[in-house]
Structure formats: C-alpha cells, structure tokens
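# Commentary on secondary and tertiary structure
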Amino acid sequence: MTAGSESVLELLPMVFADPGEARARADQVLHADPPPLHASVAHQVLGIWQRDFGDLRIALRHLRRARFLAARADSADREADVLATLGVALVHAGRTRQGLASFERGVARGSGHTRARVLFRRAYVWWVLGHHREALEDVRRALPVLRQLADDIWTARALTLRATVHLALGAVDRALADFTAAEQLWETTGQEHDKADVVESRGLAAFRSGDIPVALRLLDEAEERYAKLGTPTYMLSLRRCEVLRAAGLAPEALAEADAAIALLDRIGGQSTRKAELLLAAARAARSAGDAPTAIARAAVAVRLFAAQRRSWWETHARLVLIEARVAAGRRSGRMVADAAAVAERLAACGSPAAPEASLLAGRIALALGRPADAERHLAVAARSRHGGPPTPRVSGWVAQALRARAAGSRRGVLEACRRGLDVLDDHRMTLGASELRAHATAQGAELAAMAQEASLAQGGPRRLLVWSERWRATVLSAPPTRPPADPALLRTLTAYREIAARAEDARREGRPVPVLEREQRRLEREIRSRTHHMRGAAPHEGDRFDAGRLLDRLGDGRLVELAVVGGRVHVLLCGQGKVRRFTGGPLAEAVAEAEYVQAGLRRLAHPGAEARLPLVEAAGRRLQELLLGGAVPHLGPGPVVIVPPGALHRVPWALLPALRDRVLSVSPSAGSWLRARETEPPPDGRAVLVRGPGLATGGAEVPELADRYGTATVLEGEDAQVPRVLAELDGAGLAHLAAHGTFRADSPLFSALRMADGPLIVHDLERLARSPYRIILSSCDTARLASVGADELLGLVTALLPLGTAGVVASSAPVNDAAVVPLMLALHKGLETGLSLAEALRDARAALPGDTVHQATGWAFAAFGAA
C-alpha cells in the first residue's frame, strides 16, 4: 500500500469496517520501515484490534508504542488520539485510575475535532464504569463538534453510545430515538462492525421494551454480521444472556456466559468484559435454581468490579450475590441492611434494578418476622407495578401481594395476584413460540401460589379451583403462532431430518457419530432460534375459565383437579353442580411413588417379570391414597377426568384401583378439557393410517385397520415421509400413527415420531393449520411430557391439543410392541361403534388377555382430552 499519510490514516476507520483487513495492512505498514507518524497509526490499529478482539496485554504494548511514536512525530492531536485509545484499553484491563489519567492528558493535548473524539471515548469509559451522568455530559460536549464537522461515523457512534446509556437508566424511548438516528447515519458509511453493533443495541432496546421475539431476532442478525467480519462477540453474549434469562431459558444463558468467559481467559481478553460475563452467569445460575454457582460467580464479579473501581456494576453484582445467598437458605438482619443499602445505591444512580433490591430486602425482613421493616421496603418495591416493562411490573405486584398478605388482607392478596398475572398474560401472548410461552409462566408461579394459599385459607373449593386454573397449562389456551412459510426454516427442518436419520442409522450399526451429532445439535439450535423470533397475537383477555360452564358440561361425570398448595395435594372434585375439596398426601411422596410405578411398568413390559405385578399394584393403591384420598367414594359411576399438576403427568391413572374399570381421560387443565369438549370434528372425518419404519411388529395393526376403514389414507414405506404425512394429517378426523416415539427431556419440542425420511418433531406439528380431531399414537413414550415454567407441559400430546385435536391416545411408558397390536385393534373396534377414545380404551383394556404383559400395556396408555 502507499505510504502517504492519508492512506495510512484510513486504517483507523477500517478497523471497525473490516477488522481483519485493517490488521493485515497495519502489519504491512510496519514492515515497510515507516516514519514515526505512520508507525504510530499502525501500532494504534493493531492495539485496537487486540484490545477488542484479542489479547489485552499485546494491545497495551502496541498502544504504548503508538503513543511514544506520536510524541516523536511531534503531533499533539495524534498523541491525544492514542492516549484516548490507551485509556479505553487500560480501563478494560482493570487499571481504572491509569486509564482515566490517560484521558485527562488526551483531553488536554487534543483540540477541536480530536478533542471531541477523545471526549466520546471517555464517555464510553464512563459508561463501562457505570458513571452514566458523566458519560452523558461528555457526549453532550462532543456531539455538536462532530455534527458541525459532518463526521458521520463518530456522530453515529456518539448517538449509539448515548442510546446505550439511556437504556442503562431505563429511558427506552430516548434510546430508541438515538438508535434510529444512528442507524440512518450508518447506512451512509461502510462501517460494518459499527452497523452490527447498532443492530445488537436495537435488540437490547427491544428487550427493554418487553419484546423478546424481536430482541432475539435482532441479536441473531447481529451475530450473523459479526460472523462475516470474523470478530468475537462478548457484548452480544452478554445481551443474549439477559434476553435468554428473561425468556425463561436460564440454562442456555448460563452456558453462553460460561463459554464466553472461557474464550476470554484463553486469549487474555478484557477484564471488564469478564466481570460483566461473570455477573450474567450469576444471574442465569440464580434463575436456573443453581444457588451455589450463582454465589461463586457473583462473588468473583464483586471482587473484579471493586478492583476496577466500577461501583455501579459492583452494586448490581452485590444484589445478585445477596439473592443467591437467600435462595441457598441464608437469612439475617445483616442481609436486610445489605439489601436495603444496595437498593439505595441503585436508586441513587438511576438503575431500573432498584425495586428488585427493595423487594429482596422486604422478603428477608418478612422471613425474619420483622413486619415494619418489610412494609417499608415492600412499599418502595411495589411502586414499579404501575409502569415499565413486564418483569419489573410483575415484581411490583409480587411486592404488593406480600404487603397484603402481611397485613392479613385476603382480598388485597387476590387483587395483586390477579393484576400481576394479567400483566404476564399480556406479555405471554406477545410470544409466538410455545416454548417461550411455557417458560414465561415461571415468573407468575409465586403469584399463583399466593392466590391459591389465600383461597385455601378463607375461600371455598370453587375459588381454589378457579385459582388453580388461573396459571395452569396456559400454553394450551391458544394455539402457538404458526411458523411462517420461511424457506430457510423449511430447509433447516429438512436438513435436521436427514442428519438425525443418518445418526440413528449409524448408532444402530454401532458406528461412532460425533460429527453427525454435532451437526444435529447445530441444526436444533438454528430451528429453536428461528421459532423464537415468532411474535404472538396482540394481548387480549383470553378464554377465562368458567367453573359453572365446566359443571354444566360434565353431566354425570366427574372432573378431579389436583391442586398443590404448600407441598400438599388437594383434591378438587367437580360434578353434580358443585366443587368439593378433599385432602391428599404430600406431593413429594406421590412423585416418588409414581416414579416407582413407572419403573415397574417398564419391567412388566417384558415377559418373565410377573413376580413384580403385586408390587406394582400395591404401589398403585398407595398412589390412590396420596392422590385421591377421601374423594374415591364420591367419584360416582360415570366418566372421570383427571387434571394432574405437571409433576404428576406420568402417573398411569388406569392402574389406580378406583379408576381401573372406568371411562377415564386425562387433561392438562380443566379449561383445556372444556375446549376439547367443545371442539367440533371436521366435516369429512377422513382417516389417516401411518406406519413408520423399524417397529418390532412392523406396525401389524395398520393393514387390518386399512381393511376396516376402507377409504382411509395409508402411508407406509417411502410414502411415510414427513412432508406427505403432515399434508395428510392436516384437518383429518382420525389419525393412527404406528411409529417409534422418542422423548427429549432436554428439549421436548424435538420429541419425535420416526418416519421414513427421519424424525417428525413437535416443531413440524406446529406447522399444521389444524391437527387431526382424534389421534392415536401407538408407540412407547409418546405421552411423556416435560414440565417447565409454572405448571406447563411440553411434548407431542400438548403440541396437538391447542391445534384442533380434541382427543389423543398415547403411552407414558415403554410398552411391548406385540401386546400393543391387540390393544389398538380393540380400541378401533370401539371407535367404529361410536364410542369416545376414553370409552373405547376402557373396553380395549378389558378385552386384552389376562397376562401381565398385556395388563401393563393397557395401563401404560391413556386417553387425553375429551373426544
């Protein structure tokens, strides 16, 4: 390259337009034995690259050399510019005092345009340190000069920085205005790194406005832009952690933060970024319920922030540290004082997190029996309920509910809980992905629990039923947003099926599959990412649960809803125009017993385990006592609907003696059962029979069912590929799928049915305009669900219910393939005579041979819904 001053100076803007190219050209300059001025620029460029994308120690060496050469060139402005860059690097290295001193010298040495740029960079450092007022003041001084000189690049940077400071102070509208103005300026430049940065910042602004899908989309777009430039993305990781945690995906947030920390440690990166990532990891661990990890990460973050003289950040880290210690069971008067002091410091510096600290102080005071202190702190925290993003508003209503409970006002508790859950309802409906909707409910779990406790203490059983329904299975209250006809998403789903099928074939043949598994995980991340971008419908009132309508629809039947209050099961028996309450046993005992029963059923699915049958039946009797208690004599002779909490979704209800010979169905909520009961079947009622590969019996029931139904569409062999299967399932009256089922506890929406071309996953089913009115899944584990959020269930069955399916038959345990065939044939025989799924399943169990294997197979299957 030419050695002219103008061409060398072009390297400085290039480092944020094309960092790799700028680094290469700076190396070329230094190899050409340049004069001091040019060498100073080249070393500064290399210092900036190492500071932001590499090893901070190398960066400092380059920048000190750049300053020395600028002084040799006798250029005050050149020296001032390098001093500012050096100041940023020193602060990022944790040498705050030296960094600020470097800025003082830079401001004194520079003039005009250069001084404005120095002021901008000092404003950035003030933001890093958490001194927001000082940051705004330096931007105020720099912006007029930059605008007057028509310096679009530095003006856009100053606007982006000011917007970021506004976000830190909770001024979202001001931030959005500045981001918009900056983006317009960036479009006139070639600064690709800066353009990516403003997209990332707009994602943070969307999140602070409460729009999680848009935030995730913008952050993913920024990541794609950074990837093209080949630059690391520590700030992006920080921001994604915050959004993922708010979306209920705390384990993913923790993994992202830890990965970024490991990379920083490996390359000797910025100490300031490491401290921020440790804080993000602590917050994520706390949200994930991992108090020890949260304490460890937060304690290190506190020490680093203190050493870096970053009091704003240190105070936020102390808040997380206290929260994690409380979660670990520690409480003391000192902790109340510490939380209150944190709240005061956060309020003084304008942090939106101040109410959270006041709520924490109030909680600890309540736990210690100090009502006056609690009221003082909770009153401050409750102010946030009236405005702002959903999360602080919900926290404000939690504080208000706690105040009312401490004052003995049941009405006040219920009103605060209702208002807080209404806020979350509106927020939840802005999320299009069912996974995000489910996780979002966790924020309302405490409000729902307080309302149930208040209803149990002073209200009647009907009120407890209403509040039990208020925050149960909300994901099923409205269909998820149908994924758009996104060609990229469809291509990714197709690629995922192909890779998953190849990996499965390799595993069956005993071949190693690490490469295929890595690619499968990558495609899963991409599918999840794209579905998380979907926005939901506008907030609305929704279909509120009506106990009177439920009782009318039950007729001669009974609905048993199991509510868990204070760790104990309460049986709400609905029927004969009233709701009665009975007391069950401890939830923990019931869960342990249910796991024992599941293990027993797995063994009974194989011949030779007959000796275990009495043990499993005895466990069934114990489960009945724990879960139904005194309600058993009042069940009546008619149909029974069981509505269990998420923790008990795997109970084989037909094993319980009182339910064994009944018309029995299961539903995630009473409201979900009502919607299924009132769902109209499609007019044509066509049947679809699907036979997937690799079944031990070859799906032996399908040919006989095809003969029975005559006009049914039969998909088998190469016809049973996912696109064709989905096309036929859409709007069908009855679907029978004989295909291997796989449940994914780690990622339930990737639970699958194996088709000829690979897995048909829940994400595929959510693309149906209307799922089949009735659907029978004849394989193992197809009814297994993952409990997430407050009391939500994700899996194959719950994916179908909100999409138009009124009834499902599926298995919650591994079953004997040979024993399934007669059960399925008997089930369809009942359907042909006009029975419901629950009626036909009861009769099919009774028609099975009396041996242990067939009995266990019958117990493993359940009817869900109301068709």
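Residues numbered from 1 in each chain as written. Predicted model: local features only at pLDDT ≥ 70, side-chain atom pairs only at ≥ 80, totals over all residues. Heavy atoms only, no water.

Further remarks concern the overall build of the protein. Scanning the protein for helices and strands turns up 39 helices and 16 strands. A globule of 867 residues ought to have a C-alpha radius of gyration of about 29 Å, and the protein, at 31 Å, matches this closely. The dimensions of the protein, computed from C-alpha atoms along their principal axes, are 100 × 70 × 50 Å. The buried share of the protein, reckoned over its 867 residues, is 58%. Within the protein, counting contacts between residues at least 6 apart in sequence, those at least 24 apart form 70% of the total. When the accessible surface of the protein is totalled, it reaches about 33000 Å², and 51% of it is carbon and sulfur. Within the protein, the 98 negative side-chain charges are centred at a point lying 6 Å from the centre of the 112 positive side-chain charges. (Helix = DSSP H or I, 4+ residues; strand = E, 2+ residues; numbered from the N terminus. Rg over C-alpha atoms; globule rule 2.2 N^0.38 Å. Buried < 20%, exposed > 50% of the residue type's maximum accessible area, 1.4 Å probe, protein only. Contact = heavy atoms within 4.5 Å. Areas by Shrake-Rupley, 256 points an atom, 1.4 Å probe, with all protein chains shown as cover. Lys, Arg positive; Asp, Glu negative; His and termini not counted. Charge placed at Lys NZ, Arg CZ, Asp CG, Glu CD.)

Here the focus is unusual backbone geometry. The backbone of Asp74 sits at a positive phi, close to 55°, despite the residue not being glycine. Summarising the element assignment, Asp74 is placed in the loop between helix H5 (56-72) and helix H6 (76-92). Look at Asp74 and you get exposed, because its relative accessible area is 69%. The backbone of Arg309 shows a phi angle near 60°, a positive value even though the residue is not glycine.

Among the nonpolar cores identified, the biggest contains 94 residues, and Trp127, Leu161, Ile212 and Leu436 are the most heavily contacted of them. Among the elements that take part in this core, helix H8 (residues 112-129) stands out by supplying 11 residues, more than any other. Leu613, Leu623, Ala631 and Leu760 belong to the second largest nonpolar core, which has 75 residues in total. (Core = buried A, V, L, I, M, F, W, Y, C linked by side-chain atoms within 4.5 Å.)

Let us now look at the environment of Ala156. By the element assignment, Ala156 lies in helix H10 (residues 152-168). The exposure class of Ala156 is buried, given its relative accessible area of 0%. Linking Ala156 and Leu143, residues 13 residues apart in sequence, is a C-alpha distance of 9.4 Å.

Okay, the pattern of salt bridges next. A full pass over the atoms with the stated rule returns 70 salt bridges. A salt bridge links Asp764 to Arg497; the nearest nitrogen and oxygen atoms lie 3.3 Å apart. With Asp764 in helix H35 (residues 762-765) and Arg497 in helix H27 (residues 487-508), this residue pair connects regions lying 267 residues apart in the sequence. By the burial criterion, Asp764 is buried, and Arg497 matches it. The closest approach of N and O atoms between Glu526 and Arg522, which form a salt bridge, is 3.3 Å. Note that Glu526 and Arg522 are positioned in helix H28 (residues 514-532) at a spacing of four residues, about one turn of the helix. Residue classification places Glu526 among the partly exposed positions, given a relative accessible area of 25%. When its relative accessible area of 36% is taken as the criterion, Arg522 is described as partly exposed. Through salt bridges with shared partners, one network takes in Glu415, Arg418, Arg419, Asp422, Asp425, Arg428 and Arg470. (Salt bridge = Lys/Arg side-chain N within 4 Å of Asp/Glu carboxyl O.)

On average, residues of the protein carry a pLDDT of 91, and 98% of them reach 70 or more. Highest mean pLDDT in the protein belongs to strand E4 (residues 640-643) (97); lowest belongs to helix H1 (residues 5-9) (71). (pLDDT = per-residue confidence, 0-100.)

Below, the discussion takes up the packing of aromatic side chains. Summed over the entire model, instances satisfying the criterion amount to six aromatic pairs. Here Trp312 and Trp313 contribute two aromatic rings whose centre-to-centre distance is 5.2 Å and whose plane-to-plane angle is 80°, an arrangement assigned as edge-to-face. Given the relative accessible area of 10%, Trp312 is considered buried. Exposure remark for Trp313: the relative accessible area of 15% places this residue in the buried category. Counting every residue linked through ring pairs, the aromatic cluster contains Phe305, Trp312 and Trp313. When the ring centre of Trp49 is taken as reference, the NZ or CZ atom of Arg23 above it lies at 4.1 Å. (Phe/Tyr/Trp six-rings, centres within 6.5 Å; stacked < 30°, edge-to-face > 60°. Lys NZ or Arg CZ within 6 Å of the ring centre and 35° of its normal.)

This part takes up the pairing of strand E15 (residues 807-811). In terms of burial, E15 is a largely internal element, five of the five residues being buried. Here E15 shows two buried faces, one formed by Gly807, Val809 and Ser811 and the other by Val808 and Ala810. One ladder, built from three bridges, connects strand E12 (residues 774-777) with E15; its direction is parallel. Among the inter-strand pairings, Arg774 is bridged to a residue of E15, identified as Gly807. (Pairing = 2+ DSSP bridges.)

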